[in-house]
Each structure stands twice: as C-alpha cells, then as structure tokens.
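# Structure at a glance
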Amino acid sequence: MALKLIDKFLNGFVSADEISAISKEAADAYDLVKSGKGEGSDFLGWVTLPEDYDKDEFARIKVAAEKIKKNSDILVVIGIGGSYLGARAAIEFIKSPLYNNLKKDTPDIYFAGNNISTTALTELISICEGKDISVNVISKSGTTTEPAVAFRVFKKMLTDKYGAEGARERIFVTTDKCRGTLKQFSDEAGFETFVVPDNVGGRYSVLTAVGLLPIACAGIDIDAMMQGANDAMKEYSSSDLNKNDAVKYAALRNILERNGKVTEILVGYEPYMLMLNEWWKQLYGESEGKDNKGIFPASVVFSTDLHSLGQYIQEGQRNLFETVVNVKNPGAEFVIPNDEANVDGLNFISGKKLDYVNKTAMLATLIAHNDGGVPNILIELDDRSAYTFGYLVYFFELACAVSGYMLGVNPFNQPGVEAYKKNMFALLGKPGYEEMKKELDARIAKD
C-alpha cells in the first residue's frame, strides 16, 4: 500500500461507538458509488477508469507528449477548475513547484485561462516571446469565458508565428467526444483532439486526457500513475471501513461534521503540496457544498503557515479539524551544517537531516493542536512518485463520493457554479440576457 490512514490523533474526539454506529451508513454510501444507484450516477466513469481507460487514446497521448517535448520550449495549458488543477498538482507534487526553473529536457509548462487577469495574461505572453510554444486547450464546451478568451489569444499567437499549417501542428484540444463548439471548430481546423469523457466530471478527470497530456509533457510516467490508481481501486474494494481507508476517511469526516467540526484543513509540510491542496479543495468543495450542507475545505502548508494561521488553529473557534498528509520519503536529503559560533543557538540540530526536523515539527504540531482541541487525521504516503500520486487521487475521489452520499447530497453536480456566469453574461451584454441585465443594472444602481 502506498497510503495509510492513521487515526490515533482522533482519540478523545471520535469514539469507537461512533465509528461502529456509522459503519453501516458508510457501507451503504460506498455501495451506492459502486452500484451506480445514487444521484449523479451518470458521472461515475472515474470509478473503474484505472482499469478500463481508452488504451488507444492513452497511446496517442504519449505520442503527442513526445512531439511537444521535441518541438516546444513552452507548453501553455488552457483550462479552469478541474481542467487544470489536477495536472498542475501532479507536476508540482511529483516534479517540483519550481518545475519551470529546473534544468530539464522537457518544456516549461504554464497554465492560462484560469482567471480573467490582464496582468497574468500579458506577463505570460511576454514569457512566450521568442520561444517555440504549443497549446493544450481543455474545455468540454469551448464557451467558458476564462479559457475561451485565453485560447483566442494563443491561437492567434501561434497562427501569426507559424501560419495556419504550423499552428495546426502545435494546438492540441481536449474536449467533448462528439458535441460542442470547440469540438466542431477543432475538427474543421484539423487540430488533434482528446476526449473529456461524458461520464467523468471535471474535478474527477485528472486521470483522463484532461490531466494526462500535460503530465506526460512534464516527463512523468503516466503508466505508473495509472497503475497506482488501479492498485488503489483494487485495495478499496470492500465496503467495510475497517478494511477500506477511503470509506473510513469518509466516515470520520462525517462523524466530525456532526460533532460541529464543519471546516476541514488539508495540511502539507512541503511546498510541493500547495497545488495538490488546491485540487483537493475543488474536489471536496464542489462535491459537498450544496443544499446548505458540506464541510468547508481549507488548506495550509506548514511550517510556513504556522506563522500565520497557526494561532487561529491553536486557539480560534473549535469548529475545525485537520487532515495531515505526510510523505515519508521526501526524495532528497540535506544535512544541517555545524556553526562554530553557534550564533543562532541551533548547534543541537547540527548533523541532523532537515527532513527529520520537518517531521519533528509535524509531530510537535499534531500534539499541540490536539491539546488545543483540534482533531487530526493523518495520511501517510510512501513517497512523491507518479505511482503514489495516482493512488492518492483515487483514494480522495472515492472518499469524496462516499462522503457526499453520507452528507445527503449529489457529489457529482455543481449547480451553484453557474450563478456568477449568468450574471456576468448579462452584465457584459450577451444576447438573450437583456431582461436579466436590466434587473442587475437596477440592483447595482440601487446598492
């Protein structure tokens, strides 16, 4: 097993009786996921994806990645939400948050179309000047504002630089298999296309072409990643929470929520956890936050954030719990040097490995936060390999689906996301939104 759930830091917060009492409910929720009989069952393709993914498309992804690696200095990945978070999380977790600054034989990878920032777009355009670039645009429909605007810009940039024929060889589109504006346009333009599966929602899509093409371009072993997910799928085949850590995690979260712990903080102790935290927040936030229910997902990277949010976690409102991710093998070693002058008074740790000090800080914090009334769930990972990443993704996805059903919501829709889009379209004057624009203009003027 690449992952182990440890619950000893829940002592005094979750009792054996509570776990026993919720076990049938957790098993029933797991069975809903596996049987496809729950709400949102049209979006359960990710459940068996590690085994029944499209092998032909997988091979095409590898070929496309090799092509991009050979002819491009930069790959611009255009997408928002689940269309970019998983890939960026994988690259930073497995490679480095400083991936673009490392010496390597793979292209720099930048992410665009996930905001509407003039500054971010113009700075990225400047970075691309004088470089050979390729683009991977990821959108089910092609009409989502943020990525659509970015694609307009970079499509024009490639066409101006390489001509229509040259641009065609550098634009890769991940979109609907048959329908949608982007699919139709891509077929007409002759772009190579990959599929956003109909039965896999965006936030569950990292192990599809949505995430795998950018991940492969970073030189990451996507075969190992899929094997990790496949092994997790087999490991988590029981509905018994005593035999299935994903079900147990879902059950523990729901016990804590019912005891008033309505905020969960995902904690990492390495900077490479930052974007994984962001991916996790979307997964759980969009899946559970509806019908006025849900555990609010937050995140921190310690020990950095101990010097900003540590005070609140230690002594603020007691409505939160932490899930700590500990990577046992960091993949690097550094020994703290001795200082004869001992100006900082730290010679007592001279000769110790820096990771040992980091893990000691983790244990000290777990104990301190427990003493301060904060329950902690600990998830241990073997390493930060592609295999472990795939394993962890499947763990969190399965636990999220089970937890959502236990909360009594559909874990696979996100109706609230559309509200801001409709308001924005109306205020920008999109045809068909005239009456809505009048109402919103009146409200703005009144306020």
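Coordinates for the structure precede this section.
On a predicted model such as this, the values are computed, not experimentally measured, just so you know.

## Quick notes on the nonpolar core
W46, M225, W279, F389, F395 and F396 are the most contacted members of the largest nonpolar core, which totals 99 residues. When residues of this core are assigned to their parent elements, the largest contribution, 15 residues, is made by helix α14 (residues 386-407). The residues touching F396, leaving out its near neighbours within four places in the chain, are Y249, L266, W279, W280, L283, Y284 and I379. Counting 20 residues, the second-largest nonpolar core is a separate cluster that includes V137, A150, I171 and L182.

## Things to note about the sheet that holds strand β2 (residues 74-78)
Strand order in the open sheet formed by five strands is β3-β2-β4-β5-β6, and the pairing between neighbours is parallel. At either end of the open sheet lies a strand with only one pairing partner, and these are β3 (108-112) and β6 (192-195). The sheet shows a mean angle of 20° between the axes of neighbouring strands, direction not considered. Bridge count between β2 and β3: five bridges; the pairing is parallel. Looking across to β3, one finds that V76 is bridged to Y110. Most of the contacts of helix α5 (residues 118-128) go to β2, to which it runs at about 155°, and overall it touches β2, β3 and β4 (133-138). Packed on one face of the sheet, helix α7 (residues 181-189) meets β4, β5 (171-175) and β6 and runs near 145° to β5.

## Section: the packing of aromatic side chains
Centre distance and the angle of the planes are the two values used to describe a pair of aromatic rings. Taken as a whole and judged by the stated rule, the model has 22 aromatic pairs. Taking the centre distance of 5.4 Å and the plane angle of 90° together, the rings of F93 and Y272 count as edge-to-face. You can see F93 sitting in helix α4 (residues 85-95) and its partner Y272 sitting in the loop between β7 (263-268) and α11 (274-288), a full 179 residues away along the chain. By the ring-pair criterion, three or more aromatic residues cluster together here, those being Y236, Y249, W279, W280, Y284, Y387, Y391, F395 and F396.

## Some remarks on the pattern of salt bridges
This structure, assessed with the given rule, holds 26 salt bridges. Two residues, R179 and D198, come together in a salt bridge whose shortest N-O distance is 3.7 Å. A residue pair is termed long-range when its members are at least 10 positions apart, and R179 in the loop between β5 and α7 and D198 in the loop between β6 and α8 (209-217) qualify at 19 residues. When its relative accessible area of 41% is taken as the criterion, D198 is described as partly exposed. The salt bridge partner of D187 is K183, with a shortest N-O separation of 3.2 Å. Here D187 pairs with K183, and both are found in helix α7, just four residues apart, close to one helical turn. For D187, a relative accessible area of 45% corresponds to the partly exposed category.

## With respect to the sheet that holds strand β10 (residues 376-381)
Taken together, five strands build an open sheet; the order of strands is β1-β10-β9-β7-β8 and the sheet is mixed. Each of the sheet's edge strands pairs with one partner strand only, and the pair in question is β1 (3-6) and β8 (296-301). Direction aside, the axes of adjacent strands within the sheet are offset by 20° on average. As paired elements, β7 and strand β9 (residues 320-327) share six bridges and run parallel to each other. The residue of β9 that forms the bridge with V267 is V324. Strand contacts of helix α13 (residues 354-371): β9 and β10, with the helix running at about 165° to β9, the strand carrying the most contacts.

Basis of the calculations
- Residues numbered from 1 in each chain as written.
- Predicted model: local features only at pLDDT ≥ 70, side-chain atom pairs only at ≥ 80, totals over all residues.
- Heavy atoms only, no water.
- Core = buried A, V, L, I, M, F, W, Y, C linked by side-chain atoms within 4.5 Å.
- Buried < 20%, exposed > 50% of the residue type's maximum accessible area, 1.4 Å probe, protein only.
- Helix = DSSP H or I, 4+ residues; strand = E, 2+ residues; numbered from the N terminus.
- Contact = heavy atoms within 4.5 Å.
- Pairing = 2+ DSSP bridges.
- Axes fitted to C-alpha atoms, helices over the stretch in contact; angles between N-to-C directions.
- Phe/Tyr/Trp six-rings, centres within 6.5 Å; stacked < 30°, edge-to-face > 60°.
- Salt bridge = Lys/Arg side-chain N within 4 Å of Asp/Glu carboxyl O.

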